[in-house]
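Each chain, written out:
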Amino acid sequence: MTERLRFDNLDQHLLLKNGNYLYKVPFRGGWAVLKVYYGSRSGLSHAIKTLENFLANQTSYMPRARLRTELGCLALWRQIGVRVFDTYDDVVVEGLPEGGYALYEYVPGLRFVDYFGDPAVPLEERLAMWRRFLTIWHHRHDEAVRRREPRLIHENGDLKHVMIWKDELLFFDFEMVFRSRRRVPEFVGREISAYLKSLGKTVGPELFERFLEETVRHYPSRDYLEQAYIFAFRNPNRVVRAFRWLDRTIKARAGKPFSKYNVARRLREAMDRT
């Protein structure tokens, strides 16, 4: 039986505004997160961003499309045993556009970026947590490659989008994904690079080498790790490879310690040593 909710003043429940609107709303004696995909961007802005996504082999940025993509990813990740937000599909929120919002469980977890960046947490505990993450990470990558399923790749993957909740690791933010099924290994390499960039910026240069060593020793597939280097330096597409060379040559950010190029290079060096 469908449950109907109505909030006369959603503004008082605003949790976050980041292109969408997220509200922490009272629900069934506790809380839920109401995510409204019609955010602060105009229709023209959505259309331009959708075109940019198309050129980057990503899904649409239109509000209804982002909702469909996110719900599809949640179901798929849940199917392979990865913890994601639960959804309340039997609820209608009055006054909001149909197909433009979703109601999710409220999870006040600790984000990875805050956990790994906290010097008060002993290094050995952080390394153990990272090893635990690597097992889940590899399982998802392996399923993505085996199924040729780009929706199992975290397009916006970094330490800001993983939470520690009770005894679980919870992943979130699936509004957009890549489209090509044949390029899944490349997307694995891109995601590995993105997570390691985020990790390096979080733990700092002094500890990053230690975490890289743990990654090489405990992530089960060296072939997938190798994809990070291929993504940055040896893309099979000559045009893409040329653009990456140009990017490394003329852009100052490419020389930063935790650019995708330097992270991929350091990961490759750690693989050679280990």
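Criteria and cut-off values
- Residues numbered from 1 in each chain as written.
- Predicted model: local features only at pLDDT ≥ 70, side-chain atom pairs only at ≥ 80, totals over all residues.
- Heavy atoms only, no water.
- Helix = DSSP H or I, 4+ residues; strand = E, 2+ residues; numbered from the N terminus.
- Expected span 1.5 Å × (residues − 1).
- Buried < 20%, exposed > 50% of the residue type's maximum accessible area, 1.4 Å probe, protein only.
- Axes fitted to C-alpha atoms, helices over the stretch in contact; angles between N-to-C directions.
- Parallel < 35°, antiparallel > 145°, perpendicular 65-115°, else oblique.
- Left-handed = near helix turned anticlockwise from the far one by under 90°.
- Contact = heavy atoms within 4.5 Å.
- Pairing = 2+ DSSP bridges.

**Q** Mind showing me how you'd approach helix H5 (residues 184-203) here?
**A** Because an α-helix completes one turn every 3.6 residues, residues spaced three or four positions apart along the sequence face the same direction. Relative to the 28 Å expected for 20 residues at 1.5 Å per residue, H5 spans 28 Å between its end C-alpha atoms, a close match to the ideal helical length. Of all 20 residues that make up H5, 15 are buried, and the element is covered over most of its length. Looking at the residues trailing H5, positive phi occurs at Gly 204, about 90 degrees.

**Q** Help me out: how do you make sense of the packing of helix H6 (residues 205-218) against helix H9 (residues 260-273) in this one?
**A** Each pair of packed helices can be described by the angle between their axes along with the distance between the axes. The interhelical angle for the contact between H6 and H9, taken along N-to-C directions, is 55 degrees, at an axis separation of 9 Å. Between H6 and H9, the angle is such that the two are oblique. Here the hand of the crossing between H6 and H9 comes out right-handed. For the pair H6 and H9, contact is made by Pro 205, Phe 208, Glu 209, Leu 212, Glu 213 and Val 216 and by Val 263, Arg 266, Leu 267, Ala 270, Met 271 and Arg 273, respectively.

**Q** Got a minute to help me understand the sheet that holds strand S3 (residues 21-27) in this structure?
**A** Where strands meet in a sheet, backbone hydrogen bonds hold them as pairs that are either parallel or antiparallel. Taken together, the 4 strands give an open sheet; going across it, the order is S2-S3-S4-S6, and neighbouring strands pair in antiparallel fashion. In the strand order of this sheet, the two ends are held by strand S2 (14-17) and strand S6 (101-105), each with one partner. Strand-to-strand twist across the sheet, computed as the mean angle between neighbouring axes with direction ignored, equals 25 degrees. Looking at chain direction, strand S4 (residues 30-36) and S6 are connected through 5 bridges and run antiparallel. Opposite Val 36, over in S6, you have Tyr 101 as the bridge partner.

That is the geometry; function is a separate question.
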